[in-house]
Amino acid sequence: MAIQDNNQILRFTTAGSVDDGKSTLIGRLLYDSKSIFEDQIEAVKTSSQKKGFDYVDLSLLTDGLKSEREQGITIDVAYRYFATPRRKFIIADTPGHIQYTRNMVTGASTANLAIILVDARKGLLEQTYRHSFIASLLKIPHVIVCINKMDLVDYSEEVYENIVKDYKAFSSKMDIKDIQFVPISALNGDNVVERSKNMPWYEGSTLLYLLEHVHIASDLNHIDCRFPVQMVIRPHTLEHQDFRGYAGRIEGGIFKPGDEVKVLPSGFTSTIKTIELNGEQVQEAFAPMSVTITLADEIDISRGDMIVRPNNVPQVGQDLEVMLCWMNQRPLQARTKFMLRHTTQECQAMVKEIQYRVNVNTLHREDQIVELGLNEIGRVSIRAANPLFFDAYRRNRQTGSLILVDPNTNETVAAGMII
Ligand SMILES: Nc1nc2c(ncn2[C@@H]2O[C@H](COP(=O)(O)OP(=O)(O)OP(=O)(O)O)[C@@H](O)[C@H]2O)c(=O)[nH]1
């Protein structure tokens, strides 16, 4: 299995303001790429007719979510799957208008790409700024800005170009590596899967083409070897008496049998004897594979330890500087204690200080604040009770992120990116 094979699955999120056309766009992608079943199509055609529409309302395809929401069932993130001959796709659909930051953080933490929808009639809105900022904060490597409802502005090139210009001016202040723009009509299907005849002035690719071809293999960190141990496997059977394997997910780098490794926190070194993937021994493994590793020497290793390479170790420490998205109704105040979860470690921690809050609309820092409210983002200092093995989030999205859990309610109250 080569690194290239990981290229087969693209995870993406969609974000937009209310009624920008998210559901219609997802429906259109599923419909035009023939990823839905005939009976679903028939059902949607029938309900469209019943509602008196003279078109097929594709947003009905994703309406399961809406009805659940109307019934008061909270779904933070719903995952949808579709495939084309080139790639498989997983869409993290993040509904909800109020808790959007929280939803986006949850849905976007593993995303390769974010689609940000803009209504061509309205241009950039507060939520466009907010979602784009979150995408840059989460280091989602690729962003596609879909300027939707082009049919309602007469497919005007000028309208499109003005929005692109505005967006570029704003996004130049942020750290997004790859931004593409596509003028679409989700309702009519222009430039979603099929090229639009209505916008001959647009020379770029369709949305699906971009999704199928965006290069993601190099987005993962294949340099810094990081293997947080999830579980120690000791079968205790006669034939496997000496077997001791370490199971977990590789969060960075490439591991091979024979590699010299170092174990944190003990600092002992050994070499990799075998790597097992889905019950078979492999000659190399890399992020994000889940594997079982055995070592040549018997070392005392437990859950939460990390296997790395001796000449490339993460930072080890209890004091962290973190960009934190606060996700709870009750505001965060300094000197509050939490359970901190980071890779496979869990320990007590305290937010010592809130340094500033970021105004996501202006990107300005607001100093001298005493708390962070729901969906607010700020920089904080955290002290963990145990040493953690971490990287900066910009270097590794897995070993660089953490969550805080309220020890009383067991709710996840914050997601953080280590600076
Ligand atoms: N004319 C036109 N209407 C569109 C287009 N895309 C979506 N709409 C309409 O805009 C309305 C909102 O679309 P949805 O897909 O439900 O929007 P949404 O963003 O998913 O809305 P929420 O789920 O409520 O956030 C619907 O009436 C759609 O038919 C488009 O390209 N052109």
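Residues numbered from 1 in each chain as written. Predicted model: local features only at pLDDT ≥ 70, side-chain atom pairs only at ≥ 80, totals over all residues.

**Some points on the overall build of the chain**
Then step 1. From N to C terminus, the chain includes seven helices and 25 strands.
Then step 2. Counting the 419 residues in the chain, one finds 40% classified as buried.
Then step 3. Considering only contacts within the chain whose residues lie at least 6 apart along the sequence, 70% involve residues at least 24 apart. (Helix = DSSP H or I, 4+ residues; strand = E, 2+ residues; numbered from the N terminus. Buried ≥ 20, exposed ≤ 12 C-beta atoms within 10 Å, placed from the backbone. Contact = placed C-beta atoms within 7 Å.)

**Overview of the site of the ligand**
Then step 1. As a matter of local geometry, the ligand sits amid 16 residues, with Gly21, Lys22, Ser23, Thr24 and Leu187 nearest to it.
Then step 2. Top element by residues in the shell around the ligand is helix α1 (residues 22-32). It accounts for three residues.
Then step 3. For the shell around the ligand, the class distribution of residues is four nonpolar, seven polar and five charged. (Near = placed C-beta within 6 Å. Nonpolar A, V, L, I, M, F, W, Y, C, P; charged D, E, K, R; others polar.)

**Some words on the pairing of strand β5 (residues 142-148)**
Then step 1. Of all seven residues in β5, seven are buried, a share of seventy percent or more.
Then step 2. Burial of β5 is two-sided: the residues His142, Ile144, Cys146 and Asn148 facing one way and the residues Val143, Val145 and Ile147 facing the other way are all buried.
Then step 3. Here strand β4 (residues 113-119) runs beside β5; their pairing, made up of seven bridges, is parallel. Bridging across to β5, Leu113 finds its partner in His142.
Then step 4. Relative to strand β6 (residues 178-183), β5 is paired through six bridges, and the arrangement is parallel. Note that in β6 the partner of Cys146 across the bridge is Val182.
Then step 5. Following the backbone out of β5, through helix α6 (residues 157-171) and into the adjacent parallel β6, one traces a crossover that is right-handed. (Pairing = 2+ DSSP bridges. Right-handed = clockwise from strand over helix to strand, strands pointing away.)

**Re the nonpolar core**
Then step 1. Judged by nonpolar contacts, the single largest core of 96 residues is most densely connected at Ala114, Cys146, Ile147, Ile307 and Ala414.
Then step 2. Among the elements that make up this core, the one with the highest residue count is strand β23 (residues 377-390) (seven residues). (Core = buried A, V, L, I, M, F, W, Y, C linked by C-beta atoms within 7 Å.)

**Overview of α1**
Then step 1. Counted residue by residue, α1 has 10 buried out of 11 residues, so it is predominantly covered.
Then step 2. Along α1, the residues classified as buried are Lys22, Ser23, Thr24, Leu25, Ile26, Gly27, Arg28, Leu29, Leu30 and Tyr31.

**Looking at the environment of Pro183**
Then step 1. Summarising the element assignment, Pro183 is placed in strand β6.
Then step 2. A C-alpha to C-alpha distance of 46 Å links Pro183 and Lys352, two positions 169 residues apart in sequence.
Then step 3. Discounting residues that sit within four places of it in the chain, Pro183 has contacts with Ile147, Met150, Tyr160, Asn191, Met199 and Tyr202.

**Some thoughts on helix α5 (residues 126-137)**
Residue pairs three or four apart in sequence face the same way in an α-helix, which turns once every 3.6 residues.
Then step 1. For α5, which comprises 12 residues, the first-to-last C-alpha distance of 17 Å matches the rise-based estimate of 16 Å (1.5 Å per residue) to within 8%.
Then step 2. Looking only at α5, the buried set comprises Gln127, Thr128, His131, Ser132, Phe133, Ile134, Ala135 and Leu137.
Then step 3. Taken from the residues just after α5, Lys139 is the one with a positive phi, measuring 55°. (Expected span 1.5 Å × (residues − 1).)

**A few points about the confidence of the model for the chain**
Then step 1. The predicted model of the chain averages 86 in pLDDT, with 86% of residues at 70 or higher.
Then step 2. Below pLDDT 50 for its whole length, residues 1-6 participates in five contacts with residues either more than four positions away or in separate chains.
Then step 3. Contacts from residues 71-75, a stretch scored under 50 in pLDDT, to residues over four places away or in other chains number four contacts.
Then step 4. What the predictor reports for the complex is a pTM of 0.79 with an ipTM of 0.96. (pLDDT = per-residue confidence, 0-100.)

**Quick look at the pairing of strand β15 (residues 290-295)**
Then step 1. Here strand β9 (residues 245-249) runs beside β15; their pairing, made up of five bridges, is antiparallel. Across the sheet, the residue bridging to Arg249 is Ser290, located in β15.
Then step 2. Across four bridges, strand β12 (residues 269-277) lies against β15 in antiparallel orientation. Across the sheet, the residue bridging to Ile275 is Ile293, located in β15.

**Description of the environment of Met150**
Then step 1. Here Met150 lies in the loop between β5 and α6.
Then step 2. Looking at Met150, the number of C-beta atoms within 10 Å reads 28, which means it is buried.
Then step 3. Measuring from C-alpha to C-alpha, the distance between Met150 and Asp190 comes to 8.5 Å, with 40 residues separating the pair along the chain.

**Notes on unusual backbone geometry**
Then step 1. The linkage connecting Leu264 with the following residue, Pro265, adopts the cis geometry, with an omega of 10°.
Then step 2. As for its placement among the helices and strands, Pro265 is situated in the loop between β11 (260-264) and β12.
Then step 3. Residue Pro288 follows Ala287 across a cis peptide bond; omega there is -5°.
Then step 4. Its location among the elements puts Pro288 in the loop between β14 (285-286) and β15.
Then step 5. The backbone of Gln368 shows a phi angle near 50°, a positive value even though the residue is not glycine.

**Focus on the environment of Asp19**
Then step 1. Here Asp19 shows up in the loop between β1 (9-15) and α1.
Then step 2. Taking the C-alpha atoms as reference points, Asp19 and Val118, separated by 99 residues in sequence, lie 9.9 Å from one another.

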